[in-house]
Amino acid sequence: MIGLISATAAGAAARDRLAATWPDRTRVYDGPVGDAVRAAFAECGQLVCFLATGAVVRLVAPLLGDKTSDPGVVCVDEGGRFAVSLVGGHGGGANELAREVGALLGAEPVVTTATDSVGLAGLDTLGLPVEGDVAAVSRALLDGESVVLDTEVPWPLPALPVAPQGPYTVRLTDRAVEPGTHEVLLRPPSLVVGVGASRGVPAEEVLGLVEDALRDAGLSARSVAALATVDAKAGEPGLVAAAGRLGVPLVTYSAEELAGVAVPNPSSAPLAAVGTPSVAEAAALAGGGELLVPKRKSERADGEPAMATCAVVRRPGRGRLAVVGLGPGARDLLTPRAAAELRRASVLVGLDQYVDQIRDLLRPGTRVLESGLGAEEERARTAVAEARRGHAVALIGSGDAGVYAMASPALAEASDDIDVIGVPGVTAALAAGAVLGAPLGHDHVSISLSDLHTPWEVIERRVRAAAEADLVVTFYNPRSRGRDWQLPKALAILAGHREPATPVGAVRNASRPDESSRLTTLAELDPATIDMMTVVTVGNTATRAIAGRMVTPRGYRWQDTRPEEAR
């Protein structure tokens, strides 16, 4: 919950805007400001104070305890110009909150945390438990000193500026080791503990068994991602309580699913009880991975039969492939989600000219694999291969990555052994349409006139179908020096079904500094003025030029009421 505190009418107005936007995330604290801050600090995970920073410093200073548990505090000035991350930038999430508040209120986020200021991923912001000398290793990263990344378990981390050797180490491990001098341990959620249990098993017996199994195998409890069992035990109180105390979910599988998992130690007892020859080992292995601890039973001090079994599996982190659309070129048309994925990646794959557009957004240490025109399939294969090695990969394309871009070759190459995230972008048809007016107000189609990947016979058939269906048509890749006849041919097909005065819009480099556009007609468009950087949009029989803008109405009814001279 985010506590909101204000002292003036202007602050209250901004406060109420946040409260209305985030009704489920915020709580307004009224009354004397000091009392409100103290109450919110005790009750909320974050605070937004519409007060001067000096006042907030004095109010929260006596309340501060530990940066790992203190709430994040953001200050917004009286004029709503700045959202300042004051306390708990990482641990309390104040840095990200300042950015969110700034975006909603039109305020400039002010973040002074050193790693954030220079674009480094903070070691305590990676979403993993962290141990060791975080301050010293973070300072070494900031100072450009040699920091080694030792990944004992592959995991898709964001980029870090690391070296092959040096006095500082970031170690990604699920083993129960203590951090050394100048070392940080990151604990990936790589361990799954399968558990079988008798009815009425005490939570203490389950926890004792799990802790013993991990300790004997030299594994860290902080890397346990889940307890897993058969669905017949989903509501077993001892299992539910044990998972809760470990802070992990209780994952369940059907007996049929578990019976299909090959295990080294099947047994007739669970087969008779729940319908599968293995619960602990099968549940641990159901999602794949390496069996580190075979089935073992709990030991009871009273000598009674064991009521729990467990097995431990290591599941390596799945690689992550984000297919990112960069939009038409303008930075303000790059979506926040796309920018976040670029910062999330440790490997970037893309066309060299697109890489140049967003190179400044990459974190230090990002490995860039760029290539020239015509290497789309090679880039797709490279991106998938890097993801399969356990990296966080961003594969970039212009516009929307799913429209004549990199998503389709990448997804044709990828299998279910990696996570794939699609990030939409503003595609050229939309960018050009916004420049022209509203040409896509009714049904429309996009057709690429490049016959490098599609035979011309197929393209021509599609153009003819669009002409007969009276669809607005946007032509991508309309004309190049080596392909100068396809656009005239396509326009001639459309001219067989539309009037010569049908509006046609041509937009070159939409949204970029050298953007140009013109509105003409089907009869007057000169194909020689069109190149590969241009998008051509041809209207349907209802499309009109109105006040210099290209408009396709949402329906056809208005045509019946047009003046005779306009028909």
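Here is a short report on the structure shown in this document. Everything numeric here is computed off the predicted structure, so don't read it as measured data.

## Side note on the pattern of salt bridges
Counted by the stated rule, this structure contains 30 salt bridges. When the shortest N-O distance is used, the salt bridge between glutamate 290 and arginine 314 registers 3.9 Å. Separated by 24 residues along the polypeptide, glutamate 290 in strand β14 (residues 290-297) and arginine 314 in strand β15 (residues 308-314) bring together distant segments of the chain. The partly exposed category is assigned to glutamate 290, whose relative accessible area is 45%.

## Here we look at the sheet that holds strand β7 (residues 130-132)
Pairing is mixed across the open sheet formed by 4 strands, whose spatial order is β7-β10-β9-β8. Looking along the sheet, the strands with just one partner apiece sit at the ends: β7 and β8 (147-151). Within this sheet the neighbouring strands show an average axis-to-axis angle of 20°, counted without direction. Strand contacts of helix α6 (residues 134-143): β7, β8, β9 (168-172) and β10 (183-186), with the helix running at about 115° to β9, the strand carrying the most contacts.

## So, the pairing of strand β17 (residues 347-351)
Burial within β17 is extensive, with 5 of its 5 residues counted as buried. Bridging between β17 and strand β18 (residues 367-371) involves 5 bridges; their strand directions are parallel. Pairing of leucine 351 across the sheet is with serine 371, part of β18. For the crossover that starts at β17, traverses helix α13 (residues 352-358) and ends in the parallel β18, the hand is right-handed. Judged from the 3 bridges that link them, β17 and strand β19 (residues 392-397) form a sheet pairing that is parallel. Counterpart to valine 349 in the pairing with β19 is leucine 395.

## A closer look at the environment of glycine 11
Topologically, glycine 11 is positioned in helix α1 (residues 9-21). As a C-alpha pair, glycine 11 and cysteine 49 span 38 residues in sequence and 8.6 Å in three-dimensional space. Discounting chain neighbours no more than four positions away, the residues touching glycine 11 are Ser6, Phe50 and Glu78.

## Some points on the packing of helix α17 (residues 456-468) against helix α18 (residues 486-495)
Viewed as axis vectors pointing N to C, α17 and α18 meet at an angle of 30°, and their least axial separation amounts to 9 Å. In terms of orientation, α17 lies roughly parallel with respect to α18. The two elements α17 and α18 cross, and the hand of that crossing is right-handed. Taken together, the residues of α18 that come into contact with α17 (itself represented by Trp456, Glu460, Val463, Arg464 and Ala467) are Gln486, Lys489, Ala490, Ile493 and Leu494. Here the contact of α17 with α18 is built from residues that sort into 6 nonpolar, 1 polar and 3 charged.

The rules we used
- Residues numbered from 1 in each chain as written.
- Predicted model: local features only at pLDDT ≥ 70, side-chain atom pairs only at ≥ 80, totals over all residues.
- Heavy atoms only, no water.
- Salt bridge = Lys/Arg side-chain N within 4 Å of Asp/Glu carboxyl O.
- Helix = DSSP H or I, 4+ residues; strand = E, 2+ residues; numbered from the N terminus.
- Buried < 20%, exposed > 50% of the residue type's maximum accessible area, 1.4 Å probe, protein only.
- Pairing = 2+ DSSP bridges.
- Axes fitted to C-alpha atoms, helices over the stretch in contact; angles between N-to-C directions.
- Contact = heavy atoms within 4.5 Å.
- Right-handed = clockwise from strand over helix to strand, strands pointing away.
- Parallel < 35°, antiparallel > 145°, perpendicular 65-115°, else oblique.
- Left-handed = near helix turned anticlockwise from the far one by under 90°.
- Nonpolar A, V, L, I, M, F, W, Y, C, P; charged D, E, K, R; others polar.

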